[in-house]
Amino acid sequence: MINIVLHQPEIPYNTGNIGRTCVITGAALHLIRPYGFMINDKMIKRAGLDYWDRLEKYEHINTDAFYEHVRSANPGARIFYATTKGKHRYTDVQYRDNDYIMFGSEGSGIPEEILSIHPDDCIRIPMLPDERSLNLSNSVAIVLYEALRQLDFPGLESEGELHRLTYCK
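Thresholds applied
- Residues numbered from 1 in each chain as written.
- Predicted model: local features only at pLDDT ≥ 70, side-chain atom pairs only at ≥ 80, totals over all residues.
- Heavy atoms only, no water.
- Buried < 20%, exposed > 50% of the residue type's maximum accessible area, 1.4 Å probe, protein only.
- Helix = DSSP H or I, 4+ residues; strand = E, 2+ residues; numbered from the N terminus.
- Right-handed = clockwise from strand over helix to strand, strands pointing away.
- Pairing = 2+ DSSP bridges.
- Contact = heavy atoms within 4.5 Å.
- Axes fitted to C-alpha atoms, helices over the stretch in contact; angles between N-to-C directions.

K.L.:
Explain the pairing of strand 1 (residues 3-7) residue by residue, including any values.
P.N.:
The element strand 1 is largely enclosed, with a buried count of five among its five residues. Burial of the side chains of strand 1 extends over both faces: Asn3, Val5 and His7 are buried on one face and Ile4 and Leu6 on the other. In this fold, strand 1 hands off to helix 1 (residues 12-25), which returns the chain to strand 2 (residues 28-32); that crossover is right-handed. Relative to strand 6 (residues 100-103), strand 1 runs parallel, the two being bridged by four bridges.

K.L.:
Summarise the pairing of strand 2; cite the residues concerned and give the values.
P.N.:
For a regular strand, side chains alternate in direction, first toward one face of the sheet and then toward the other. By the criterion of burial, strand 2 is predominantly enclosed, with five of the five residues buried. Of the two faces of strand 2, both are covered, the one formed by Ala28, His30 and Ile32 as well as the one formed by Leu29 and Leu31. As paired strands, strand 1 and strand 2 are joined by five bridges and run parallel to one another. Looking at the pairing, Asn3 lines up with Ala28 of strand 2. Across four bridges, the pairing between strand 2 and strand 3 (residues 57-60) is parallel. Residue pairing in the sheet places His30 in a bridge with Tyr58 of strand 3.

K.L.:
Please give an account of the sheet that holds strand 3 that cites residues and values.
P.N.:
Taken together, the seven strands give an open sheet; going across it, the order is 3-2-1-6-4-7-5, and neighbouring strands pair in parallel fashion. Taken across any chain shown, the strands that pair with only one partner, and hence form the sheet edges, are strand 3 and strand 5 (88-89). Relative to strand 6, helix 3 (residues 63-73) is tilted by about 170°, and along the sheet it contacts strand 1, strand 2, strand 3, strand 4 (79-82) and strand 6.

The values are spatial; any link to function lies outside them.
Here it is as structure tokens:
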């Protein structure tokens, strides 16, 4: 399982969308306080639809509590930091089961105090040089699906069926 971490998320719609993506892919979602909204906000549930109740979700009172959780629950687990300030592309990483991928808040990203001590673990999605950043839920989906692709999409359906018709041969 891949673990998605949101460091102090601010926008409930993005958090709801990310929760839905996590449920559909079997990823866990870790939320680090403070949030820019109430966790029971109707906008989260609206964006997450009926998936939110099935989400494997962990709430951490602060960054230190998150790191303590990782040390106790998954000793030796790796944490990658998705940031526009990263020196490595997200596709350069060889993801493993139980990895964590942290994303920052929509307004300020992951604090530089965290990034500066993990330079080799900072990853980025390539973008045009004069643009600020992608939408947070889009960024999570891009990086998460790359990690899952590398792991051969564990437990995920790889093909679907039409509802009313059949495919022509």
